[in-house]
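# A look at the structure
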Amino acid sequence: MSGVVQAADETWKTDDHFLHPWQDVTAMDRDEWTHLEASGGIYVRDSKGNQLIDGPGGMWCVNVGHGREEIVEAVAGQMRKLSYFSPWSMASTASSELAQRLTAMTPGDLNTVFFTTGGSTAVDSALRFVFFYNNCLGRPEKKHIISRVNAYHGSTYLTASCSGKMREKAQMDMIEDTIHFLPCPKPKDRAADMSVEAFCDEKVADLENKILELGADKVAAFIAEPVLASGGVIIPPEGYYKRCHEICKKHDVLFIADEVVTAFGRLGYYFASEDVFGVTPDLLTTAKGLTSGYLPLGALFISDRLIEEIKSVSNEPRSFFSGFTYSGHPVSVAAAQANLDIFENDKLLEHVREISPYFANALKSLSDLPVVTDVRVQGMMAAVECELDAGTPDENRDTGFTAKVDAICQELGLLVRPTYNACVMSPPLTITKAEIDDLVAKLREGITRAMQIED
Ligand code: PLP
């Protein structure tokens, strides 16, 4: 394993003064965490010195792999040159150059970029831009947002409110009156006597019916991940995304593509909406793979059409009063530039398109295990769904099962992301066929051993 620093031989049992994302506050003094200390390629190393394959690729983000010296050098160089600028009052050459490079890559007329600090702030900014746009156009009542059950759009008040992972809403306040959820377009959950085509028709009709029920003059936007990521890698039926886009166009509802996970190679292209699904959205959000997780950065891309419409109805200034101290941070931007150079130099998109069928076949071979009830793969994102008693799933038991798989796999040298009843895999895109074989063998062993443990 190249590029991995030897880890210290020290293990902390708990992080009792550190509230982690999604953590049970009552368990802070007893939760045990695996502490990571080093990384290189597709591997991370824990504080006991164990080497683990980074199955989730950080959080779907370490696309070019760990320990890339090119990014380290670019970041250090930018820090020496210009460590910060105020995006309110200044421009920086570094950020303006990235804006040029990115807007030359985006689909359609998504020719304006608004930099943010990550995915949540990109989606939050997209939603706020939609509200701003409708206010500028003199239709302040067009504010309702349509999302879907099992969607994940972030962790700000507004983006969490648009997220449809309903179990995660307990104890948290949400905006409820203007945000609406369609049923999840998960083909596996269709009725036994329903074809996938009929299921797709039904899910598309759900969107149109919701727009008609609320009134198209009240609905501002539909927001969708092309593949629902944190919801469990849910791949809607063929044609669904494109048909939803057509419904939105028909009713003058903006289409926000949340590509925080699917952009920058995860599905084999820089942006999946157009290249994989044939959709040019009105707004598109990204983060994660933009810097491969080396530094925080997000981006919202806005269609020329929306900007032109605002200009055409305005005789006075129309300021988008939104932004962050770290909008377009020059050091994050340097990481993004070096990251994109790696994509080009390593022909990483071509590699993903070449290797993803192998990844899919390898993971699908796990279907022979009795608890594995579905293996969903698109590009380099996958979920291996486990149900203990298929047909009568007990969600809590199944969630406990995938947590067990993760614990065993860690002993075997693989990090798994247990997401309810699914083992989620989104490894660095640089992964080779031999490394995929190793990953799948470890996952098979982990699931098999977990099946042998009594509840
Ligand atoms: N949108 C999607 C589709 C995501 O998967 C995520 C995070 O996983 C976000 C938004 C939020 O991004 P961040 O965690 O960078 O704020």
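I will try to describe carefully the structure that is included in this document. (Residues numbered from 1 in each chain as written. Predicted model: local features only at pLDDT ≥ 70, side-chain atom pairs only at ≥ 80, totals over all residues. Heavy atoms only, no water.)

Counting 95 residues, the largest nonpolar core has L207, F222, F264, L363, V384, L443 and I447 as its most contacted members. Mapping this core onto the domain boundaries places at least three of its residues in each of domain 1 (11-67 + 348-451) and domain 2 (70-345). In contact with L443, other than residues within four places in its own chain, are L363, L366, V384, V405, C409, L414, V416, C423 and M425. (Core = buried A, V, L, I, M, F, W, Y, C linked by side-chain atoms within 4.5 Å. Buried < 20%, exposed > 50% of the residue type's maximum accessible area, 1.4 Å probe, protein only. Domains from an automatic or database assignment. Contact = heavy atoms within 4.5 Å.)

Attention shifts here to the sheet that holds strand β9 (residues 283-286). In space, the 7 strands of this open sheet follow the order β4-β10-β9-β8-β7-β5-β6, with mixed pairing throughout. The open sheet has two edge strands, β4 (112-116) and β6 (179-182), and neither has a second partner. Across the sheet, the mean angle from the axis of one strand to that of its neighbour is 20 degrees, orientation sign disregarded. Of the pairings in the sheet, the one linking strand β5 (residues 144-148) to strand β7 (residues 219-224) comprises 3 bridges and is parallel in character. Note that in β7 the partner of H144 across the bridge is V219. The strands touched by helix α7 (residues 240-250) are β5, β7 and β8 (254-258); relative to β8, the strand with the most contacts, the crossing angle is about 150 degrees. (Pairing = 2+ DSSP bridges. Helix = DSSP H or I, 4+ residues; strand = E, 2+ residues; numbered from the N terminus. Axes fitted to C-alpha atoms, helices over the stretch in contact; angles between N-to-C directions.)

Let us now look at the environment of D398. Mapped onto the elements of the fold, D398 is located in helix α12 (residues 395-412). On the accessibility criterion, D398 (2% relative accessible area) is buried. Taking the C-alpha atoms as reference, D398 lies 6.2 Å from L388; in sequence the two are 10 residues apart.

This next bit is on unusual backbone geometry. In terms of backbone geometry, most residues other than glycine have negative phi values and most peptide bonds are trans. Phi angles above zero are rare outside glycine, and F264 is one such case at about 55 degrees. Not every positive phi belongs to a glycine, and S292 is a case in point at roughly 50 degrees. The residue S292 is located in the loop between β9 and β10 (298-302) in this model.

Turning to the pairing of β10, a few remarks are in order. With 5 of its 5 residues buried, β10 lies for the most part within the structure. The side-chain alternation of β10 yields two buried faces, one formed by G298, L300 and I302 and the other by A299 and F301. Pairing analysis gives 5 bridges linking β4 to β10, with the strands arranged antiparallel. If you follow T112 over to β10, its bridge partner there is I302. Relative to β10, β9 runs antiparallel, the two being bridged by 4 bridges. Bridging from a neighbouring strand, T286 pairs with A299 of β10.

Attention now goes to the side chain of T286. Summarising the element assignment, T286 is placed in strand β9. If we ignore the near neighbours within four places in the chain, the residues touching T286 are G118, A122, E259, V260, A263, F264, F271, G298, A299 and F301.

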